[in-house]
2 protein chains.
Amino acid sequence: MKLNQSKIVDCTIRDGGLVNNWNFSIEFVQKLYAGLNAAGVDYMEIGYKNSPKLLKGAESAGPWRFLDDDFLRKVIPEKGHTKLSALVDIGRVDANDILPRSESMIDLIRVACYIKEVDKGLQLVQLFHDLGYETTINIMALSNVMEHELLEAFEMIKDSVVDVVYIVDSYGSLDYKDMEHLINKFKKHLPNKRLGVHTHNNMQLAFSNTLVAAANGVELLDASVYGMGRAAGNCPTELLVTHLKNTNYELRPVLQVLEELLVPLREKEEWGYNIPYMITGTLDEHPRSAMALRASENKDKVVDFYDKLTTPEVSFEK
Amino acid sequence: MKLNQSKIVDCTIRDGGLVNNWNFSIEFVQKLYAGLNAAGVDYMEIGYKNSPKLLKGAESAGPWRFLDDDFLRKVIPEKGHTKLSALVDIGRVDANDILPRSESMIDLIRVACYIKEVDKGLQLVQLFHDLGYETTINIMALSNVMEHELLEAFEMIKDSVVDVVYIVDSYGSLDYKDMEHLINKFKKHLPNKRLGVHTHNNMQLAFSNTLVAAANGVELLDASVYGMGRAAGNCPTELLVTHLKNTNYELRPVLQVLEELLVPLREKEEWGYNIPYMITGTLDEHPRSAMALRASENKDKVVDFYDKLTTPEVSFEK
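Residues numbered from 1 in each chain as written. Chains lettered and ligands numbered in written order. Predicted model: local features only at pLDDT ≥ 70, side-chain atom pairs only at ≥ 80, totals over all residues. Heavy atoms only, no water.

Looking up chain A in an unreviewed UniProt entry gives the name 4-hydroxy 2-oxovalerate aldolase, with the organism given as Paenibacillus turicensis.

What follows is the structure in structure tokens.
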């Protein structure tokens with residue numbers, strides 16, 4: 001039986017950093033890398049490669065918010081099987097910060113963008129590609145994209161150098177039928193591109209949608225240990241590792257990481273399924289209103305929250 | 001567009017009682033019933049109809065463990081749209097306890113059994129059917145059933161009076177492909193029976209598997225508010241109510257129940273996805289060892305727990 005083509009991209013540090021402002025200790029990241037490597041996970045997204053000069057409030061964030069190659073070499077003196085990945089946002093990356101891949105710890109640079117920025121995203125992709133990196137373009141908020149916008153984006157992407165195109169369920173609002181529909185559309189219009197998927201767990205569908213993607217030929221599967229990620233979090237790495245068929249992943253090293261790092265961290269920081277995130281997911285909108293609610297003293301006032309989001313005449317600070 | 005045939009059976013009190021020994025106050029149950037009724041939920045399983053005479057340790061349990069019709073009439077003086085359901089276990093029910101339906105508050109009696117007890121289960125079904133009740137037979141632990149056992153059970157069931165046959169994922173180990181496989185088998189061999197599904201959330205697949213079941217024609221969908229149920233819990237009622245297509249359910253009354261009852265209760269009692277339950281789910285076994293771990297001081301020692309379950313030579317008290 002052939003081995004599954006799936007590759008896991010663990011985003012615990014990068015997406016999880018949105019929970020704790022990237023305040024992971026070096027030891028935490030080293031142990032996580034060792035565990036993921038022992039588990040056979042293919043990529044570890046170790047942070048953002050944005051520039052602190054281009055982002056407000058940068059001072060308080062941990063070093064994984066603005067990765068530096070000299071720093072990374074000290075954190076991970078010896079790389080194993082697991083490759084390193086970094087994410088960049090449009091308008092927040094300084095091309096002068098990026099070393100050629102041959103001089104960098106990073107193997108893969110992923111460009112996150114909304115549908116209207118795909119042209120700008122592909123310019124960055126070209127830059128990183130020319131520097132020798134593997135590249136992806138991650139199209140966010142696909143549940144809010146109109147057909148003609150997507151078709152225009154496909155026209156640009158299919159002639160680009162990008163290696164992998166990501167379907168991103170930013171709002172955690174897609175179910176398996178939506179996922180199959182999107183994958184079929186991407187495969188039809190981008191037959192020469194490999195695909196990736198990034199899910200959110202607002203409706204408890206992150207793992208299921210990722211399995212559906214894998215079964216439909218999507219190759220790069222984003223996940224994070226214990227699902228750590230913004231708001232409702234992501235597809236849990238431990239579930240992919242144990243459940244993907246025809247792969248050689250090992251669960252036990254991920255359990256060690258869970259026991260030593262992520263389960264204790266979850267006692268201090270909040271992420272995962274809860275009702276405000278479920279509400280923004282079912283309404284197919286950004287979780288920022290729910291995140292603001294969870295940070296307030298009214299964090300469990302879900303009926304009032306729902307009424308505000310669903311009553312047009314009530315003004316509401318999103 | 002035709003309305004979806006799905007019917008939701010909310011099991012918060014019955015399956016959730018396995019978490020708190022059925023110590024729900026009368027007011028809690030009354031408010032839950034009112035909320036489910038306002039939401040349009042079809043059935044509320046309000047407890048077990050077992051006999052305290054046939055069960056050890058019965059004294060400490062709340063009244064929903066052993067439903068009594070006189071008591072129920074006081075709890076719910078006026079029934080709405082939402083029908084009442086009770087579950088019985090083989091060998092724990094006294095036929096003399098069961099009134100004719102015309103004298104009872106209960107509309108539906110469900111018989112839970114393992115595959116080897118289907119004959120005994122169908123005898124109870126016949127009894128309840130003759131008394132006027134709607135009936136189901138809920139075949140537990142289907143992931144551990146061999147093909148020939150299932151085919152023998154189908155032979156008995158197809159000629160029985162039972163209204164609905166349930167696929168029960170007791171260990172939370174099934175994914176959507178397993179679920180589709182089972183549903184197709186049940187439909188092929190029991191073309192004259194309606195189907196139901198009861199899922200567990202060990203692998204974060206309870207909601208997804210229930211959606212797959214609904215899309216494949218399964219009619220009765222078990223759920224519980226906030227997923228409250230033994231160990232990893234069940235498919236959340238709030239997700240079914242908001243997400244099932246072509247239905248007339250209302251989310252807001254479920255949110256009221258969540259805010260007033262279930263979210264506060266979750267602060268005191270534990271259920272839902274965690275790593276020990278994930279481990280028993282992925283190993284396709286009963287969660288009792290994980291429940292014992294969670295009740296011990298070693299509740300987060302997941303590596304040691306995994307080693308004990310996966311190393312044959314280590315004896316382990318399950």
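Here the narrative resumes, following the displayed structure.
### Concerning the packing of helix α9 (residues 252-268) of chain A against helix α10 (residues 275-282) of chain B
Here α9 of chain A crosses α10 of chain B at 160°, and the two axes come no closer than 12 Å. Comparing their axes, α10 of chain B and α9 of chain A come out roughly antiparallel. For the pair α9 of chain A and α10 of chain B, the crossing hand works out as right-handed. Touching Leu-255, Leu-258 and Val-263 of chain A of α9 of chain A are Ile-275, Met-278 and Ile-279 of chain B, all from α10 of chain B. Across the contact of α9 of chain A with α10 of chain B, the residue classes break down as six nonpolar, no polar and no charged. (Axes fitted to C-alpha atoms, helices over the stretch in contact; angles between N-to-C directions. Helix = DSSP H or I, 4+ residues; strand = E, 2+ residues; numbered from the N terminus. Parallel < 35°, antiparallel > 145°, perpendicular 65-115°, else oblique. Left-handed = near helix turned anticlockwise from the far one by under 90°. Contact = heavy atoms within 4.5 Å. Nonpolar A, V, L, I, M, F, W, Y, C, P; charged D, E, K, R; others polar.)

### A look at helix α2 (residues 26-39) of chain A
Residues and elements named next belong to chain A. Compared with an ideal rise of 1.5 Å per residue, which puts 14 residues at 20 Å, α2 spans 20 Å between its outermost C-alpha atoms and is within 8% of the ideal. For α2, every residue scored as buried is listed here: Phe-28, Val-29, Leu-32, Tyr-33, Gly-35, Leu-36 and Ala-39. Seen end-on, α2 carries its buried residues on one side only, within an arc spanning 165°. (Expected span 1.5 Å × (residues − 1). Buried < 20%, exposed > 50% of the residue type's maximum accessible area, 1.4 Å probe, protein only. Arc of directions from axis to C-beta.)

### Some remarks on helix α1 (residues 12-20) of chain B
Residues and elements named next belong to chain B. Burial runs high along α1: eight of the nine residues are buried. Where α1 is concerned, the buried positions are Thr-12, Ile-13, Arg-14, Asp-15, Gly-16, Gly-17, Val-19 and Asn-20. The positive-phi residue at the C-terminal boundary of α1 is Asn-21, with phi of around 55°.

### Description of the UniProt feature "domain: Pyruvate carboxyltransferase" (unreviewed entry) in chain A
If you check UniProt for "domain: Pyruvate carboxyltransferase" (unreviewed entry), the listed places come out as residues 6-259 of chain A in our numbering. With 37% helix and 17% strand, residues 6-259 of chain A has end C-alpha atoms that lie 26 Å from one another. (UniProt positions renumbered as here; feature names shortened; annotations may be inferred.)

### Brief notes about the confidence of the model for chain A
Mean pLDDT for chain A: 95, with 97% of residues reaching 70 or above. Interface confidence for the predicted complex, expressed as ipTM, amounts to 0.94; the pTM equals 0.95. (pLDDT = per-residue confidence, 0-100.)

### Some remarks on the sheet that holds strand β3 (residues 83-89) of chain B
Note on sheets: strands pair through backbone hydrogen bonds, and any given pair is parallel or antiparallel. Residue and element names in this part refer to chain B. Read around the barrel, eight strands follow the order β1-β2-β3-β4-β5-β6-β7-β8 and close on themselves; strand pairing throughout is parallel. Averaged over all pairs of adjacent strands, the angle between strand axes in this sheet comes to 25°, irrespective of strand direction. As judged from the five bridges shared by strand β6 (residues 164-168) and strand β7 (residues 194-198), these two strands associate in the parallel manner. Of the residues in β7, the one forming a bridge with Ile-167 is Val-197. In the packing of α1 onto the sheet, the strands contacted are β1 (7-10), β2 (43-48), β3, β4 (108-113), β7 and β8 (220-223), and the crossing angle to β2 comes to about 40°. Of the strands in this sheet, β5 (134-139), β6 and β7 are in contact with helix α6 (residues 176-189), which crosses β6 at around 155°. (Pairing = 2+ DSSP bridges.)

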